[in-house]
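# Structural characterization, general
Now for the letters of each chain:
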Amino acid sequence: ETGVTQTPRHLVMGMTNKKSLKCEQHLGHNAMYWYKQSAKKPLELMFVYSLEERVENNSVPSRFSPECPNSSHLFLHLHTLQPEDSALYLCASSQVIGGYGYTFGSGTRLTVV
Amino acid sequence: GENVEQHPSTLSVQEGDSAVIKCTYSDSASNYFPWYKQELGKRPQLIIDIRSNVGEKKDQRIAVTLNKTAKHFSLHITETQPEDSAVYFCAASKGGSQGNLIFGKGTKLSVKP
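Now for a description of the structure that goes with this document. The model shown is predicted, which means the values in this text are computed figures rather than measured ones.

### Thoughts on the sheet that holds strand β7 (residues 64-70) of chain A
Residue and element names in this part refer to chain A. On the basis of which strands lie adjacent, the open sheet formed by four strands has the order β1-β3-β8-β7 and antiparallel pairing. Because the sheet does not close on itself, it has two edges, and the strands there are β1 (4-7) and β7. Between one strand axis and the next, the sheet turns through 15 degrees on average, direction left out of account. Sheet topology places β7 next to strand β8 (residues 73-79); five bridges connect them, and they run antiparallel. From the neighbouring strand, Phe 64 faces β8, where its bridge partner is Leu 78.

Below, the structure is given as structure tokens:
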């Protein structure tokens, strides 16, 4: 483990379900990020948090709801997802906002059925 | 909006040969350019980065060059080995937004023994 832990590693959910993804970092970083990785697409930035405050929301549908209760934890709450939301969701953290030395988690492989 | 173009999308080389991956970016305010390596089923890992005040940086068999005027940067891997096989992503900081990262689509590098 690199210090950024994501759970669960795999998740299958129906379109009417509600689930949450969790990310935890033990690196003392103060910025955390959610990225979506789909096949044949670049890594898509979803949300950015700096010191527990959301500083960016990249036009993400409201069915994705982030939460950052403290600088070590980041959640992504999911509800009424669509099959096209199936992807690998990666959490990352960095020492300061600005991306210097991102550390990624292993990701959650999400399948929406 | 800002984007990062990466080429080629796939690259196959013989063990011992060199590999070059090129990226261009559009945001003139970008000032940080990392490269990530993602092995199959694993998280992206930072392998080298360069800041806009430097034109070239080396770390053993890998090097990165930056041409700010042309807005392009490249990854060079010399004496390639089978374990270099992976997907490589370039990224550029989104300067105007405190620098979070915009990623290229990735290059799948295959090194044949």
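Let's pick the thread back up.
### Considerations on the pattern of salt bridges
Residues and elements named next belong to chain B. Tallied over the full model, the rule gives four salt bridges over all chains. Where Asp 49 meets Lys 57, a salt bridge forms, and the shortest distance between an N and an O atom there is 2.9 Å. The exposure class of Asp 49 is buried, given its relative accessible area of 14%. According to the relative accessible area criterion, Lys 57 is partly exposed, its value standing at 36%. Asp 84 is the partner of Arg 61 in a salt bridge, and the nearest nitrogen-oxygen pair spans 2.9 Å. In this pair, Arg 61 is assigned in the loop between β6 (56-59) and β7 (62-67) and Asp 84 in the loop between β8 (72-77) and β9 (86-94), connecting sequence segments 23 residues apart. The class of Arg 61 is partly exposed, set by a relative accessible area of 24%. Residue Asp 84 is classed as buried on the basis of its relative accessible area of 7%.

Rules and cut-offs
- Residues numbered from 1 in each chain as written.
- Chains lettered and ligands numbered in written order.
- Predicted model: local features only at pLDDT ≥ 70, side-chain atom pairs only at ≥ 80, totals over all residues.
- Heavy atoms only, no water.
- Pairing = 2+ DSSP bridges.
- Helix = DSSP H or I, 4+ residues; strand = E, 2+ residues; numbered from the N terminus.
- Axes fitted to C-alpha atoms, helices over the stretch in contact; angles between N-to-C directions.
- Salt bridge = Lys/Arg side-chain N within 4 Å of Asp/Glu carboxyl O.
- Buried < 20%, exposed > 50% of the residue type's maximum accessible area, 1.4 Å probe, protein only.

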